[in-house]
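Analysis of the macromolecular model
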Amino acid sequence: MAKIKINNMPLNVPDGITILEAAKENNFNIPTLCYYPDLDIKSDCRVCVVEVKGHKGLSTSCSTPIYDGMEIKINSPRAQNARKAIVEMMLANHDANCTACVRNMNCELQRLAESLGIHENRFDTVLQEKAIEQSNPSIVRNANRCIKCGRCVDVCKTVQGMSVLETAGRSHDAQVSPAYGKELKDVFCTYCGQCSAVCPVGAIMEKDHTHNVWDALDNGDKHVIVQVAPAIRVSLGEELNLPLGSIVTGKMVAALKMLGFDRVFDTNFTADLTIIEEGHELIGRLKERGKLPLITSCCPGWINYCEQEFPDLIDHLSSCKSPQQMFGSLAKTYYAQREGINPDDIYVVSVMPCTAKKFEAERPEMRVNGKDPDVDAVLTTRELAKMIKQMGIDFDNLREQKFDKPDEVTSGAAAIFGATGGVMEAALRSVKEILEERPLEKLDFDTVRGTDGIREAEVEISGQTHHVAVAHTLANARTLAQKVREGGTPYSFIEIMACPGGCVGGGGQPYGTTSERSRERIYSIYQVDRLTKIRKSHDNAAVMNLYSNYLGDPSGEKAHELLHTHYVNRRKK
Amino acid sequence: MMREHKLITARIGKINPESIDDYLKHDGYTMLEKALSMRRIEIHDHFEASRLRGRGGAGFPVAVKLMALAKESRTPKYVVCNADEGEPGNFKDRYLMENNPHQIIEGMLIAAYATVATEGYIYIRGEYANAMRIMQKALDDARERGFLGKNILNKRFSFDIEIRSGAGSYVCGEEFALLESIEGKAGRTRVKPPFPTSVGLFGQPTLINNVETLATFPSIIDMGGKAYAEIGTETSTGTKLISLSGNIKHKGVFEVPFGMSMRDIIEKLGGGVPGGHKIKMIQLGGACGPIIPEYMLDMVIDFERFEEFESKTGAGAIIVIDDRFDVFDILRRISAFFEHESCGKCTPCREGNLHMLKTVEKFVNYNATDKDLNALESLARVMHQTSLCGLGQTAPTAVISTLHYFRFAYLNRIEESNIEEAV
Ligand SMILES: Cc1cc2nc3c(=O)[nH]c(=O)nc-3n(C[C@H](O)[C@H](O)[C@H](O)COP(=O)(O)O)c2cc1C
Ligand code: SF4
Ligand code: SF4
Ligand code: SF4
Ligand code: SF4
């Protein structure tokens, strides 16, 4: 322990921690900007400077370790003035037209300026207008708002192992962008959106679909339906000021109905369907000695990565569409037929924790009629929260409502899709029980749970040992994919999710998502699973009815036509 | 005290720098031999007694870094010679490399032996093609004669050196940016701590010293630390190379003991200002140093005195500016230099230098107000106090010093500005 003083207050703090950590432990909040919990300490923005007795200049609290006898002044006039000047400099090179910005009222720079009491700027503006990049389906980059905090560069490089973004140029010409000023569509970007989730300002964000959705909702000729992914119900609350990990399923359904959606469905339904299809695919490959390991395909960030960097592994990918796209194709076929609505009049919206899902929805393979996308618009968790706020809905006080039929019936297996290892566990519950032809003794596959980057487990099925593996983040995906590429891995089944923690930590999740917050959401997701009556996908009677009424056999012809897809080598030179 | 004190430049003029035989004839590499016969702790004692401080600008005590590296158990360890010398007005490292290359190599070898380092790099400024050629030849010759490579002088000591060259940006002289550059990355500094002696080149413990610092090592082994410390002043021991330039008769590099006055250097060694002009001001250390008026020339060369300017100005440049020049023109040139050289990593330097240049330009153009003066003052302080590396911290030194010593010039300029017309 070290004895230090903060603002003259004597404190005992553990050795080796930084000033920022010591302050936080003692309820002093030092303003920060480039600092982000799971990322490297960069100390680039210099916003967190404090005065330390004996130090000549000011010291950045994020990077300066404390020592015994240290005396720190957080709010000395010198430190306050410096902090203010630094933020003013940022604002002088920033398109600070807040009312025209998606981050208005949800922006770290704006909050900082407000808390520092910046009302006018001592520096003249030096902004040089740059073109906004919006040529891909998922991510928009507005360099005019970038404050070069480096968080996006860091998350893309260290968490995702992609290094798509970099800082180029010197002095005030420094730009954060893909190499050589290229656009994201021309580099190895996977549209995972992690960059957009950590950006403190409106400089990297998801492509806005809220306008399209408002328009559709306003269009009397359209039958607008919405599906909500498993991970949203445990994260949406955060963006609407509810406690971390709140499970808000019922209120969320109510809010969606208030927004004017004609039907509100649960993607968990098609998650169950995915398990049936993928489970049969796995059983098929095991029995017929097909290509193993089978690798999951429900994460479009991973699919984009695989198609670009591991096209030789395409044969390993499950041909199943993701739950989002299974929903889309069924909506425009089965559902349209059942309800007697012209498919062209159906407008399908999905709410996803993900920016890559926007790309996926636009893929040419995802059009059952050959011309229109099955999923018309994809909202991120953040976008849905924004629409709820725009509508002025008093979310916390809503009375809970249920999903529309038949999707009200979903399994706990589907619910855990949102956590890393969840698809694996859901599949194992079904595959093991179907193959062994007797009820599972234990439903929880604890060995595939957790948040280690790569997890391996052995599973007994009918007396035979099967090896499985789970990876999350693209950096870990690369390690695992590399092993598979080299051959000789013992695995029969692999789950890969591009985002840290799985979809709970998706690129479209609430701002401020950290591994700690993701763990809370994962906890809530397993809570949902535990509280659900049906916990295995193949026990979902509604799904099984769909087979008998419409699809025929799992993995059958109709199922293949609607629920499966193929992948393409998209290696870039 | 009006003459040079030739210690590390003693051989210059007597030897052909491209001949290792010449160097050997003048007792070259005998200090390496001597060092190799000493116990490491003895060598450290000599460095501690010498109180030698870094000659690259920051003036950090050399013995502290040497000891820190020696204590590191992780291998490999590196010794890096900083020969980037990108600061306008400095050319003493080039002078040493072109005229006495083996002494630098000998210094690096002594450092390597004392710290048990096995690999060395000399990072030479891209524009220094001639120095690079001469250093390369010296390395090749030294290797051929067994002063580099395995089992040097038949001792259990192996060390070799490679040359790397800079991409021509000033910030690459900053130690971390330099290491990044050797690693093949963009030249931008890193967060400190950790410092290079624990996590340096390729993540390994690394000693990084200036050319002149390393070239002094053989002299310290020769004389012993205590005798070395008797040269110079109480607070600054030894000799310093001065790069003298600007409006001066004899431009060049001079080796002087610490404690010599700037007036003596300029008048006695440099021959004063030509063409009957008078000295108006000098800039000390290079672009990052303070600008001081003529009446302060009796100040002596000394680390402690320099530190009074809140700047690190030990690189030893003196740029003489005569009475034909306007202080704001000089400031504009300096600000433009930094505005161009900032690496763009941290906010105060990336954004601040542009604002500084723009404000200085207002003074140049007779377009300044009291508000600009205040803004400049606070901007300069903030940049100095909050920038991540020495570049941003010292970029405003010229402004800060002139705000102090030439304040009247600022006030006059505001008065002479035509701002009223707009009202
Ligand atoms: C912007 C900047 C440029 C620098 N350029 C040089 C240089 O060209 N040569 C040099 O020796 N040190 C330079 N330094 C100082 C180095 O960071 C470092 O302090 C020095 O190499 C240590 O060696 P020394 O202790 O022998 O002086 C520079 C520092 C900064 C901040
Ligand atoms: S990023 Fe923040 S400060 Fe900038 S315009 Fe948007 S809301 Fe305003
Ligand atoms: S979307 Fe993902 S891969 Fe693309 S730049 Fe952002 S973090 Fe990197
Ligand atoms: S785009 Fe956002 S996260 Fe990336 S450097 Fe700019 S401000 Fe930071
Ligand atoms: S002070 Fe300047 S040169 Fe140094 S890190 Fe900051 S921006 Fe780069």
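Worth saying up front: this structure is predicted, and the values here are computed from it rather than measured. (Residues numbered from 1 in each chain as written. Chains lettered and ligands numbered in written order. Predicted model: local features only at pLDDT ≥ 70, side-chain atom pairs only at ≥ 80, totals over all residues. Heavy atoms only, no water.)

A few words now on the site of ligand 5. If you check the shell around ligand 5, you find 13 residues, and the closest are B:Cys343, B:Cys346, B:Cys349, B:Cys389 and B:Gly392. Of the residues belonging to the shell around ligand 5, the class tally is 7 nonpolar, 5 polar and 1 charged. (Near = heavy atom within 4 Å. Nonpolar A, V, L, I, M, F, W, Y, C, P; charged D, E, K, R; others polar.)

Residues and elements named next belong to chain A. Direction vectors running N to C along helix H9 (residues 267-287) and helix H11 (residues 323-339) enclose 105°, while the axes themselves pass 8 Å from each other. By the angle class used here, H9 and H11 are roughly perpendicular. Here Thr267, Thr270, Ala271, Leu273, Thr274 and Glu277 of H9 come into contact with H11, specifically with Pro323, Gln324, Met326, Phe327 and Leu330. Its residues assigned to classes, the contact of H9 with H11 comprises 6 nonpolar, 4 polar and 1 charged. (Axes fitted to C-alpha atoms, helices over the stretch in contact; angles between N-to-C directions. Helix = DSSP H or I, 4+ residues; strand = E, 2+ residues; numbered from the N terminus. Parallel < 35°, antiparallel > 145°, perpendicular 65-115°, else oblique. Contact = heavy atoms within 4.5 Å.)

A word on the interface of chain A and chain B. Where interface size is given, it is often the accessible area lost as the parts come together that is meant. If you look at the interface, chain A gives 34 residues, while chain B gives 30 residues. Taken together, the connections running from chain A to chain B amount to 3 salt bridges. At the boundary of chain A and chain B, one finds 15 residue pairs in polar contact (both at pLDDT 80 or more). Breaking the side of chain A that touches chain B down by element, the ones donating at least two residues are helix H2 (77-92) and strand S7 (165-168) of chain A. Of the residues forming the side of chain A that touches chain B, the biggest block, 8 residues, is contributed by H2(A). Partitioning the side of chain A that touches chain B into residue classes produces 16 nonpolar, 9 polar and 9 charged. (Salt bridge = Lys/Arg side-chain N within 4 Å of Asp/Glu carboxyl O. Polar contact = N/O pair within 3.5 Å; in protein donor to acceptor, adjacent residues only side chain to side chain.)

Here we come to the site of ligand 3. Every residue close to ligand 3 is listed here: A:Cys156, A:Val164, A:Leu165, A:Leu184, A:Cys189, A:Thr190, A:Tyr191, A:Cys192, A:Gly193 and A:Cys195. Of the residues that constitute the shell around ligand 3, the class distribution is 8 nonpolar, 2 polar and no charged.

All names here are of chain A. The strand order S11-S10-S13-S14 describes an open sheet built from 4 strands, whose pairing is parallel. Among the strands making up the open sheet, the edge pair consists of strand S11 (263-266) and strand S14 (377-380). Averaged over all adjacent pairs, the angle separating strand axes in this sheet is 25°, with direction ignored. Here 4 bridges tie strand S10 (residues 223-228) to S11, and the two strands are oriented parallel to one another. From the neighbouring strand, Val226 faces S11, where its bridge partner is Val264. Where helix H6 (residues 210-218) meets the sheet, its contacts fall on S10, strand S13 (346-352) and S14, and the angle it forms with S13 comes to roughly 140°. Of the strands in this sheet, S13 and S14 are in contact with helix H13 (residues 381-390), which crosses S14 at around 85°. (Pairing = 2+ DSSP bridges.)

What follows concerns the side chain of A:Thr296. Inspection of the secondary structure puts A:Thr296 in the loop between strand S12 (294-295) and helix H10 (300-309). With near-sequence residues (within four places) excluded, A:Thr296 lies in contact with A:Glu278, A:Trp302, A:Leu317, A:Val423, A:Phe493, A:Ile494, A:Glu495 and A:Ile496.

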